[in-house]
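Fold and contact review
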Amino acid sequence: MEKREVVSKIKSLKSIKPDSNWAISARQTLLAHVASSKPAAFVRRAFYFPAFGKLAVGFASFSLIFSGLLVSAQSAGINSPLYAIKTASQKALVALTPKEYKLDLKIAFAHNMINDLGKATGNGKVIAAANDISRDLNDITADLKQVSHPQRVVSLSRQIQAETSQVKNFIKDDQALGNSLNEIDSQVFALAKDAEDKINNCPAYISKQIIDLTNYVDAASIVDEQQKTIAKQLEEANSHLKSGQCVDALVIIDAINKDLATPPAE
């Protein structure tokens, strides 16, 4: 980014004003805080430091202003100087989210960003934002590969393919970005196809896997503790299969295969 562009962005921030209701609320909160605060004197070698009280008030002011910017940024479009704050705050939220909900949240944020593309002006802004979304979709695809339940894989794949298709509508003239999105589409399609095949052929696949894994565990040189764990998992998978819950058995079998494929920690 050139120096002139940076200066321009900084100047544009001066025109940003928080919502009037928020400004009134923030001012009242700050005044109440200042009124109730009585900074104690900091004494050392008979010197008094009133600056600590000013620093506390200054920090409180900054916190209120920054929180207001975060709230305002959530409705910012791609052309807004606050858009970078919006995307950064979303990534921070994903990082703090429990693992089981991260993928759904990433897809939801990607969906919102794609909606923002339709409201953006300037081809450069659209392409830059589309590149960011492409990287997010690539990250989402990597997470999808770790999902064990095939029905969830199929459901999430459809969502990701829909989002990828929408992005393509905005970048028809950018071949490199188009190729990147096509690669994401191909990976997601392959994951969905594999999951659908497992679901459709579940009973026969699980029956064979139980036999193969039982023979492998009996013959392989693995520790007794792991052997007992796998035997218990196979028994549970077989129970699911007999009760007609084949997909649940499939999740257990896939988990066993992943564990066996993972090299033991040294």
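Coordinates for the structure precede this section.
Below you will find a few notes about this structure. Everything quoted here is computed from the prediction, not taken from an experiment.

1. Section: the overall build of the chain
The secondary structure content of the chain amounts to eleven helices and two strands. Listing every helix and strand of the chain by position from the N terminus yields α-α-β-β-α-α-α-α-α-α-α-α-α. Residues counted as buried form 29% of the 266 residues belonging to the chain. A fraction of 65% describes how many contacts in the chain between residues 6 or more apart in sequence connect residues 24 or more apart. Entry remark: accessible area of the chain is about 17,300 Å², with carbon and sulfur atoms responsible for 58%.

2. Observations regarding helix α10 (residues 224-242)
In this model, α10 (19 residues) spans 27 Å end to end at C-alpha, consistent with the 27 Å of a helix rising 1.5 Å per residue. Within the span of α10, buried status applies to Ile230, Gln233, Leu234, Ala237, His240 and Leu241. Buried positions in α10, seen along its axis, are confined to an arc of 120° and lie on one side of it. Turned more than 90 degrees away from the buried face of α10 sit Asp224, Glu225, Lys228, Lys232, Glu235 and Lys242, all of them exposed. Residues of α10 that are buried in the fold lie against α9 (202-219) and α11 (246-261). Phi for Gly244, located one or two positions after α10, is positive at around 85°.

3. Description of the state of the cysteines
Counted according to the given criterion, the structure contains one disulfide. Here Cys202 connects covalently by a disulfide to Cys246, the sulfurs 1.9 Å from one another. Across the S-S bond of Cys202 and Cys246 the torsion is about -105°, and the bridge reads as left-handed. Within this pair, whereas Cys202 is found in helix α9, its partner Cys246 is found in helix α11, the two being separated by 44 residues in sequence. In this pair, the class of Cys202 matches that of Cys246, namely buried.

4. Observations concerning the nonpolar core
In globular proteins that are soluble, nonpolar side chains generally tend to be buried together. In terms of nonpolar packing, the biggest core is built from 29 residues, with Leu137 and Val167 touching the most fellow members. When residues of this core are traced back to their parent elements, those giving at least two are α5 (99-117), α6 (123-144), α7 (150-170) and α8 (175-200). Sorting elements by how many residues they give to this core places α6 first, with eight residues. Residues within four places of Val167 in sequence aside, it is in contact with Ile114, Ala130, Ile133, Leu137 and Leu181. With 16 residues, the next largest nonpolar core counts Ile210, Ile230, Leu234 and Cys246 among its residues.

5. Some points on the layout of surface pockets
Over the atoms a probe the size of a water molecule is rolled, and this reveals where empty space is left. Taken as a whole, the second largest pocket spans an internal volume of roughly 280 Å³. Lining the second largest pocket, in full, are Lys99, Glu100, Lys102, Leu103, Lys106, Asp143, Gln146, Val147 and Arg152. Looking at the lining of the second largest pocket residue by residue, the classes come out as two nonpolar, one polar and six charged.

6. A few points about the side chain of Lys198
Tracing the backbone through its elements, the reader meets Lys198 in helix α8. Residue Lys198 is classed as buried on the basis of its relative accessible area of 18%.

7. Let's talk about the packing of α6 against α7
Close contact between α6 and α7 brings their axes to 11 Å; oriented N to C, the two are set at 165°. Comparing the axis directions of α6 and α7 gives the class roughly antiparallel. Remark: the crossing between α6 and α7 carries left-handed chirality. Of α7, the residues touching α6 (which contributes Val126, Ala130, Ile133, Leu137, Ile140 and Leu144) are Val153, Leu156, Ser157, Ile160, Glu163, Thr164, Val167 and Phe170.

8. Details of the packing of α5 against α7
The relative placement of two packed helices comes down to the angle between their axes together with the axis-to-axis distance. For the pair α5 and α7, the least separation of the axes is 10 Å and the interaxial angle reads 20°. Viewed along their axes, α5 and α7 adopt a mutual orientation that is roughly parallel. The way α5 lies across α7 gives a crossing that is left-handed. Of α7, the residues touching α5 (which contributes Glu100, Leu103, Asp104, Ile107, His111, Ile114, Asn115 and Leu117) are Arg152, Leu156, Gln159, Ile160, Glu163, Gln166, Val167 and Phe170. Tallied by class, residues from the contact of α5 with α7 come to eight nonpolar, four polar and four charged.

Definitions and cut-offs
Residues numbered from 1 in each chain as written. Predicted model: local features only at pLDDT ≥ 70, side-chain atom pairs only at ≥ 80, totals over all residues. Heavy atoms only, no water. Helix = DSSP H or I, 4+ residues; strand = E, 2+ residues; numbered from the N terminus. Buried < 20%, exposed > 50% of the residue type's maximum accessible area, 1.4 Å probe, protein only. Contact = heavy atoms within 4.5 Å. Areas by Shrake-Rupley, 256 points an atom, 1.4 Å probe, with all protein chains shown as cover. Expected span 1.5 Å × (residues − 1). Arc of directions from axis to C-beta. Disulfide = S-S within 2.5 Å. Core = buried A, V, L, I, M, F, W, Y, C linked by side-chain atoms within 4.5 Å. 1 Å grid on protein atoms, 1.4 Å probe; cavity = no way out; pocket = protein on both sides within 12 Å on 5 of 7 lines; lining within 4 Å. Points joined across faces, edges and corners; volume = space filled by probe spheres on them. Nonpolar A, V, L, I, M, F, W, Y, C, P; charged D, E, K, R; others polar. Axes fitted to C-alpha atoms, helices over the stretch in contact; angles between N-to-C directions. Parallel < 35°, antiparallel > 145°, perpendicular 65-115°, else oblique. Left-handed = near helix turned anticlockwise from the far one by under 90°.

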